[in-house]
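# What the coordinates show
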Amino acid sequence: VELHAAFNTYGMEVDVSEIETIMKEIDENGDGEIDAEEFQAWFNDQSSITVTKLCLYYTAYKQKSSKEYISSRTAGQIFEAIDSGESGTFNFVQLHEATKLFGMEYDKKDTEFLIDEIVPRPPTPDEDDEEETVMNDPKSLVISRSQFRRWFVKHNRSAKVLEQAYFNFIAIKIFNAMDTHLTGLLNVEMIGNSLRSFGVQVPAEELQNLISEIDTVRDNSCIDVEGFKTWFCKRDSISTSIHAAYL
């Protein structure tokens, strides 16, 4: 039963008879149970097609789980930025204000369309039914964290646009916090000092390599805001650590 459940979890569609065959293949002593040594001996058999398939499905499962976790975490971060009142929900006004805050050129119709994607409305009601008409008005809807997360993790075009705008917004905020001299440029010393204040430790040599990689000023000594945004939105280990520490 446990083996069958594991195979199903990883996306391998096997029926009971196939599982019984695999059990017999692994269970060398025939006691009806698989111990670690039996499983390892079977798993190390490079000629087994089942092992090959299991490895492929398990790898795909882990990658999917990792992507879903990251997407779910990002959804929470964006939700908290929209939920200005920290009520655990947001409404049309808060979403529209957030799109402006993120630098998105959305008018109210665009925000209505976004609301419709997050919480699809039922068919247009009878115009005489005022109560249903109010419920169908996107400006009257309140969106919960779970509703937003379910929509966001599907990662359709609108979600990607919102995500990009959010990370650009956060990148600018972090850049401005690091730019203590208000020059519009960051050097190794400024970045290093800021990272230490965030509790993020990065060796000086690694920082210099980072600056050389994303330097848009082309003098290998400074980063401007555009270069910083481009790098930050790639979401590598350093930028992710900076984001988490900044929040």
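In this report, the structure presented in the accompanying data block is examined. (Residues numbered from 1 in each chain as written. Predicted model: local features only at pLDDT ≥ 70, side-chain atom pairs only at ≥ 80, totals over all residues. Heavy atoms only, no water.)

### Let's talk about helix α6 (residues 108–118)
Buried residues of α6: Thr-111, Glu-112, Leu-114, Ile-115 and Ile-118, and no others. All buried residues of α6 project into a common sector of 160° when viewed along the axis, lining one side. In α6, the exposed residues that point more than 90 degrees away from the buried face are Lys-109 and Phe-113. For α6, the elements touching its buried residues are β1 (89–91), α5 (92–101), β2 (142–144), α8 (145–152) and α9 (157–178). N-cap assignment for α6: the residue whose side-chain oxygen lies 3.1 Å from the backbone N of Lys-109 is Asp-107. (Buried < 20%, exposed > 50% of the residue type's maximum accessible area, 1.4 Å probe, protein only. Helix = DSSP H or I, 4+ residues; strand = E, 2+ residues; numbered from the N terminus. Arc of directions from axis to C-beta. Contact = heavy atoms within 4.5 Å. Polar contact = N/O pair within 3.5 Å; in protein donor to acceptor, adjacent residues only side chain to side chain.)

### Thoughts on a negative patch on the surface
A surface patch of negative charge is lined by Glu-2, Glu-28, Asp-31, Glu-33, Asp-35 and Glu-37. Relative to the helices and strands, Glu-33 is located in the loop between α2 (16–26) and α3 (36–43). Judged by its relative accessible area of 56%, Glu-33 is exposed. (Patch = residues over 30% accessible without salt bridge, like charges linked within 9 Å, V, L, I, M, F, W, Y side chains within 5 Å. Areas by Shrake-Rupley, 256 points an atom, 1.4 Å probe, with all protein chains shown as cover. Salt bridge = Lys/Arg side-chain N within 4 Å of Asp/Glu carboxyl O. Lys, Arg positive; Asp, Glu negative; His and termini not counted. Charge placed at Lys NZ, Arg CZ, Asp CG, Glu CD.)

### Structural notes on the environment of Ser-239
Here Ser-239 shows up in helix α13 (residues 237–246). Assessed through its relative accessible area of 0%, Ser-239 is described here as buried. On a C-alpha basis, the gap between Ser-239 and Phe-228 in space is 9.7 Å, while along the polypeptide they are 11 residues apart. Leave out the neighbours within four places in its chain, and Ser-239 touches Trp-231 and Phe-232.

### Brief notes about the nonpolar core
Counting 47 residues, the largest nonpolar core has Phe-102, Ile-118, Phe-148 and Phe-228 as the members making the most contacts within it. Counting residues per element, this core draws most heavily on α9, which supplies 11 residues. Beyond its immediate chain neighbours, meaning those up to four positions away, Phe-102 contacts Ile-78, Ala-81, Ile-82, Leu-162, Ala-165, Tyr-166 and Phe-169. (Core = buried A, V, L, I, M, F, W, Y, C linked by side-chain atoms within 4.5 Å.)

### Quick word on unusual backbone geometry
The phi dihedral of His-155 is positive, around 55°, even though this residue is not glycine. Relative to the elements of secondary structure, His-155 occurs in the loop between α8 and α9. Its relative accessible area of 29% is what places His-155 among the partly exposed residues. Although it is not a glycine, Leu-182 adopts a positive phi angle of roughly 55°. Of note, Leu-182 is situated in the loop between α9 and β3 (185–186).

### With respect to the environment of Thr-99
Tracing the sequence through the fold places Thr-99 in helix α5. Separated by 63 residues in the primary sequence, Thr-99 and Leu-162 place their C-alpha atoms 7.8 Å from one another. For Thr-99, the contacting residues outside a window of four places in its chain are Met-104, Tyr-106 and Thr-111.

### Details of the packing of aromatic side chains
Enumeration according to the criterion identifies 15 aromatic pairs in this entry. With a centroid separation of 5.8 Å and an interplanar angle of 20°, the aromatic rings of Phe-39 and Phe-43 are classed as stacked. Here Phe-43 and Phe-39 lie together in helix α3, a separation of four residues that amounts to about one turn. Taking relative accessible area as the criterion, Phe-43 reaches 31% and is therefore assigned partly exposed. Consider the rings of Phe-90 and Phe-148, whose centres lie 5.8 Å apart with planes at 75°: the pair is edge-to-face. Taken together, the positions of Phe-90 in strand β1 and Phe-148 in helix α8 put the pair 58 residues apart, joining distant regions of the chain. With relative accessibility at 0%, the residue Phe-90 sits in the buried group. By the ring-pair criterion, three or more aromatic residues cluster together here, those being Phe-102, Tyr-166, Phe-167, Phe-169, Phe-175, Phe-228, Trp-231 and Phe-232. (Phe/Tyr/Trp six-rings, centres within 6.5 Å; stacked < 30°, edge-to-face > 60°.)

### Remarks on the packing of α9 against helix α12 (residues 225–232)
Two elements in contact, α9 and α12, have axes separated by 9 Å at closest approach and are oriented at 130°. The pairing of α9 with α12 is recorded here as oblique in orientation. α12 is crossed by α9, and the crossing has right-handed handedness. Across from Phe-167, Asn-168, Ile-170, Ala-171, Ile-172, Ile-174, Phe-175 and Met-178 in α9, the residues of α12 making contact are Val-225, Phe-228, Lys-229 and Phe-232. Its residues placed into classes, the contact of α9 with α12 shows 10 nonpolar, one polar and one charged. (Axes fitted to C-alpha atoms, helices over the stretch in contact; angles between N-to-C directions. Parallel < 35°, antiparallel > 145°, perpendicular 65-115°, else oblique. Left-handed = near helix turned anticlockwise from the far one by under 90°. Nonpolar A, V, L, I, M, F, W, Y, C, P; charged D, E, K, R; others polar.)

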